[in-house]
Amino acid sequence: MACLHDHDCADHNCSSDWSLFKHIDLSKVSALNEAVTGSVKSVFKPWDQRLNSSEGHLESNEGDPELIVFIPFTADVKIKSIAIVGGADGTSPAKMRAFINRDGIDFSDAQSMQAIQEWDLGENLQGVLEYQTRYSRFQSVGNITLHFPDNFGADTTQIHYIGLKGEATQLKRDVVANIVYEIMPNPSDHKTRAETGGGLSRVE
């Protein structure tokens, strides 16, 4: 994957800089057909820990390699690429399909709906492969659902890491809606905002 920064990458950890890990709402991540309930949460970790499976991995039920992973974010994000580290001996997923901003997708939905993008995956045991998105389609993403319909021939599918790269764009709308606005505006406040040519100030 080419770097998306305008700098000398020798002085930067670009993969960590663009990681969306900190914007994933981990408490609401879920999976369908996982053999161990809740194990999907273990596949989300910082980029430099992507090969560390000490806390477990996601595996499908025996004899059924299909998996669906639902990933909500705490902010709207733009997704530039996706990395998948699968298991050995044919257990890595062989294909990935993505749906954005759709809640409650099940296997029937996934099979009948048109994905926003599909990828043929390689066996990425060392975490060196990333898959570019069609970036213009992955703007203002509140959640993404990943469908893994098949693997490389094993009875189960294993996923050890899912990494998403991009950038956060804004707070989610339901968070913004909870902001309490002033009932009696102070004219001097509004004058100051007008004079400075802005609305909300940005925190560095």
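Note: the structure precedes this text.
All of these numbers come straight from a predicted model, not from anything done at the bench.

**Student:** Looking at this structure, how should I read the nonpolar core?
**Tutor:** As a rule of thumb, soluble globular proteins bury nonpolar side chains together. Core analysis: the largest hydrophobic core is formed by 31 residues, its most contacted members being Phe44, Ile71, Ile79, Ile144, Phe148, Ile162 and Leu164. Secondary structure elements with two or more residues in this core: strand 3 (67–86), strand 4 (95–100), strand 7 (141–148) and strand 8 (158–171). With 8 residues, strand 3 is the largest single contributor of residues to this core. If we ignore the near neighbours within four places in the chain, the residues touching Phe148 are Pro65, Glu66, Leu67, Val69, Ile84, Pro93, Lys95, Met96, Leu121, Ile159 and Ile162. Counting residues in hydrophobic clusters, the runner-up holds 6 residues, among them Ile105, Ala110, Met113 and Ala115.

**Student:** Quick question: what am I supposed to make of the pattern of salt bridges here?
**Tutor:** When their charged atoms lie close together, side chains carrying opposite charge are able to pair. Taken as a whole and assessed by the stated rule, the structure comprises 5 salt bridges. The salt bridge involving Glu130 is made with Lys165; its shortest N-O contact spans 2.9 Å. Placement of the pair is Glu130 in the loop between strand 5 (117–120) and strand 6 (131–132) and Lys165 in strand 8, with a sequence separation of 35 residues. Taking the relative accessible area as the measure of exposure, Lys165 reaches 6% and is therefore buried.

**Student:** What is the right way to read the pairing of strand 7 from this model?
**Tutor:** Extensive coverage of strand 7 is indicated by the burial of 8 of its 8 residues. Alignment of strand 3 against strand 7, held across 7 bridges, turns out to be antiparallel. Paired with Leu67 across the bridge in strand 7 is Phe148. The pairing of strand 4 with strand 7 spans 4 bridges and is classified as antiparallel. Counted as the bridge partner of Ala98 is Leu146 from strand 7.

Thresholds applied
- Residues numbered from 1 in each chain as written.
- Predicted model: local features only at pLDDT ≥ 70, side-chain atom pairs only at ≥ 80, totals over all residues.
- Heavy atoms only, no water.
- Core = buried A, V, L, I, M, F, W, Y, C linked by side-chain atoms within 4.5 Å.
- Buried < 20%, exposed > 50% of the residue type's maximum accessible area, 1.4 Å probe, protein only.
- Helix = DSSP H or I, 4+ residues; strand = E, 2+ residues; numbered from the N terminus.
- Contact = heavy atoms within 4.5 Å.
- Salt bridge = Lys/Arg side-chain N within 4 Å of Asp/Glu carboxyl O.
- Pairing = 2+ DSSP bridges.

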